[in-house]
Amino acid sequence: MHVLVTGAAGMVGRKLAERLAREGQVAGRSISRLTLTDVVPPTLPPELAGRAEARTEDFADPAIAAALIASRPDLIFHLAAIISGEAERDFDKGYRVNLDGTRLLLEAIRGEGGGAREGGRAYVPKLVFTTSSGVFGAPYPAAIPDEFHVTPLTSYGTQKAIGELLLADYARRGFLDGVGIRFPSIVVRPGKPNASAGGFFSGIIREPLQGLEALLPVSDDTLFTHASPRSAVGFLIHAAGLTREALGPRINLSMPGVCVTVGEQIEALRRVAGDKAVKLIRRAPDKTVADIVAGWPTHFDTARATALGFRAERDFDEIIRVHIEDDLGGRLPD
């Protein structure tokens, strides 16, 4: 199997590539070739030496999208995107990458598959698309089901909603075998803070675990649903193995997670790392951030995803322990 990962230099893309390399197979098939692409250089997993290629390019360029699909990858993980905060600040860039880039990728797939009409081999790849709960808009029910109306309140959510509709239509027409995965908030993200308005969800855990101060711009009663990067990769891997019959006609679905308040996050940190870590969180109210987060959906009915076999952590303590195991070498810094 030839696997293509767009956005492979991002946090989830990097962890996905590492798992694919470690396991050497996906969806019941061995990986013979892995192509990683991003606008910054992706890291090549050493386990796939000789079978992996890292490309540094802008996939939103029509020629690049066509070149990537010309090699006919069997499985495509489409992770490339401009994150929520940046998409809101830079309208043109958000639409160029999140919408135009996705459309170009889908069109390249359709164009490559067109060779079957001229006697060539049919090409219908599996495409796993990372989307977002930002496709939903208020007012929200207590728990948002998959079929809740798609009325996004941000440019990022709008771009992802259009991507979901395109994916469903291209799948319906038989150009690809698609599935859209709506991530909850993915925490704890390793590394440095990013431009996401919700970056503090990771920051109030990540920085204190390293002995650093973390700023909290929202109130402790702010509610949100989270899953670990390990679970995010698990969602993608599991989605790759779903059949069309199992998924049914509604191919975009929300993933499970742990729904907690910020205060409950902090108490989980206290249980795992003690009062010393919690004391490093400094309240720094930011109305702009608070207003953005207040418009986001918080709790989801993920019975459909759970029935299809998707799994996340049981509580926020487990999410913190996953971060320690996967990103801190299994132990807290001295």
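Up top you'll find the structure we're talking about.
Chains are numbered independently. Their residues run from 1 in the order of the written sequence. The predicted nature of this model means local features are confined to residues of pLDDT at least 70 and side-chain atom pairs, given and counted, to a pLDDT of 80 or more, with totals for whole chains, interfaces and linings taken over all residues. Only heavy atoms go into the side-chain values, all of them from the structure, while hydrogens and water stay out.

> Can you tell me about the packing of helix H9 (residues 262-273) against helix H13 (residues 316-327), naming the residues and giving the values?
In contact at an axis separation of 9 Å, H9 and H13 are set at 55° when each is read in the N-to-C sense. When the interaxial angle is binned, H9 and H13 end up oblique. Note that H9 runs across H13; the crossing there is right-handed. Residues Gln265, Ala268, Leu269, Arg271 and Val272 of H9 touch H13, and the partners they reach there are Phe316, Asp317, Ile320, Arg321 and Ile324. Three categories are distinguished: nonpolar for Ala, Val, Leu, Ile, Met, Phe, Trp, Tyr, Cys and Pro, charged for Asp, Glu, Lys and Arg, and polar for the others, with Gly belonging to the last. Among the residues making up the contact of H9 with H13, the classes are represented as six nonpolar, one polar and three charged. Angles here are taken between N-to-C directions and fall from 0 to 180 degrees, while the axes themselves are lines fitted to C-alpha atoms, restricted in helices to the stretch in contact. A run of H or I in DSSP counts as a helix once it spans at least four residues, and a run of E counts as a strand once it spans at least two, with each numbered from the N terminus. By the definition adopted for this analysis, an angle is roughly parallel if under 35 degrees, roughly antiparallel if over 145, roughly perpendicular if from 65 to 115, and oblique otherwise. Take the far helix as the reference: if the near one is turned anticlockwise from it by less than a right angle, the crossing is left-handed, and if turned clockwise, right-handed. When checking whether two residues touch, look at their non-hydrogen atoms; a contact exists if any pair is within 4.5 Å.

> So what's going on with the sheet that holds strand E11 (residues 223-227)? Which residues, and what values?
Two modes of strand pairing occur in sheets, parallel and antiparallel, and in both the strands are linked by backbone hydrogen bonds. Taking strand neighbours across the sheet as the criterion, the three strands line up as E9-E11-E13 in an open arrangement whose pairing is mixed. In the strand order of this sheet, the two ends are held by strand E9 (185-186) and strand E13 (258-261), each with one partner. With four bridges connecting them, E11 and E13 associate as antiparallel partners. Paired with His226 across the two strands is Val258, which belongs to E13. Here, strands pair whenever DSSP counts at least two bridges between them.

> Pulling in residues and values, what's your account of the packing of aromatic side chains?
Think of it this way: a Phe, Tyr or Trp ring, Trp meaning its six-membered ring, pairs with another when their centres are within 6.5 Å, and the plane angle makes it stacked under 30 degrees, edge-to-face over 60, tilted otherwise. Under the defined criterion, the tally for this structure stands at 10 aromatic pairs. Ring plane angle 35° and centroid distance 4.3 Å describe the contact between Phe200 and Phe201, whose orientation is recorded as tilted. The pair formed by Phe200 and Phe201 is uniform in burial state, with each residue classed as buried. Put simply, the rings of Phe136, Tyr140, Phe148 and Phe300 touch in pairs and so form one group of aromatic residues. Charges are assigned to positions over rings by a cutoff of 6 Å between ring centre and Lys NZ or Arg CZ, combined with an angular limit of 35 degrees from the ring normal. The ring of Phe175 carries Arg110 above its face, with NZ or CZ at 5.6 Å from the centroid. Burial classes: relative accessible area under 20% of the type maximum marks a residue as buried, over 50% as exposed, and values in between as partly exposed (1.4 Å probe, protein chains only).

> Explain the environment of Arg230 residue by residue, including any values.
Considering the arrangement of structural elements, one finds Arg230 in helix H7 (residues 229-240). For Arg230, a relative accessible area of 39% translates into the label partly exposed. Considering only alpha carbons, one finds Arg230 and Val12, 218 residues apart in sequence, at a separation of 8.5 Å. Residue contacts for Arg230: discarding those within four places in its chain leaves Val322, Glu325 and Asp326. Polar contact is the term for a pair of N or O atoms within 3.5 Å; when the atoms are in protein, one must be able to donate a hydrogen and the other to accept it, and sequence-neighboring residues count only if both atoms are side-chain atoms. A polar contact of 2.7 Å, which involves the side chain of Arg230, links it to the side chain of Asp326.

> Describe the sheet that holds strand E12 (residues 252-254), listing the residues and the values that go with them.
Overall, parallel pairing links the seven strands, which are arranged E5-E4-E1-E6-E7-E8-E12 in an open sheet. Unpaired on one side and paired on the other, strand E5 (52-56) and E12 mark the two borders of the sheet. Ignoring which end each strand starts from, the neighbouring axes of this sheet average 15° apart. In this structure, strand E4 (residues 33-38) lies alongside E5, joined through five bridges in parallel fashion. Each bridged residue has a counterpart across the sheet, and for Leu34 the counterpart in E5 is Ala52. Each of strand E7 (126-132), strand E8 (177-183) and E12 touches helix H5 (residues 155-172); the most contacted strand, E7, lies at about 155° to it.

> Account for the packing of helix H6 (residues 200-209) against H9, naming residues and giving values.
Packing of H6 against H9 leaves a shortest axis separation of 11 Å and a crossing angle of 20°. Between H6 and H9, the angle falls in the class roughly parallel. The two elements H6 and H9 cross, and the hand of that crossing is right-handed. Residues Phe200, Phe201, Ile204, Ile205, Pro208 and Leu209 of H6 form the contact with H9, whose participating residues are Val262, Gln265, Ile266, Leu269 and Ala273. In terms of residue class, the contact of H6 with H9 is built from 10 nonpolar, one polar and no charged.

> An account of the nonpolar core is needed here, citing residue identities and associated values.
To form a nonpolar core, buried Ala, Val, Leu, Ile, Met, Phe, Trp, Tyr and Cys residues must be joined to one another through side-chain atoms within 4.5 Å. In this structure, Val3, Val5, Leu20, Val26, Phe77, Ile181 and Phe310 are the most contacted members of the largest nonpolar core, which totals 66 residues. Excluding anything up to four places from it in sequence, Ile181 contacts Val128, Phe129, Thr130, Thr131, Phe235, Ala239, Leu253, Met255 and Phe310. The next biggest cluster of nonpolar side chains, apart from the first, holds 30 residues, and it includes Ala197, Phe201, Val260 and Val289.

> Provide a residue-level description of the side chain of Glu164, including the pertinent values.
As for its placement among the helices and strands, Glu164 is situated in helix H5. Its relative accessible area of 4% is what places Glu164 among the buried residues. Not counting chain neighbours up to four residues away, the residues in contact with Glu164 comprise Phe129, Thr131, Ser132, Val135, Arg182 and Asn252.

> How would you explain H7 if you had to name every residue and give the values?
Take the residue count of a helix, subtract one, and multiply by 1.5 Å to get its expected span. In this model H7 runs 17 Å from its N-terminal to its C-terminal C-alpha over 12 residues, within 8% of the 16 Å that 1.5 Å per residue would give. Burial analysis of H7 places nine of its 12 residues in the buried class, which makes it a mostly covered element. If you check which residues of H7 are buried, you get Pro229, Ser231, Ala232, Val233, Phe235, Leu236, Ile237, Ala239 and Ala240.

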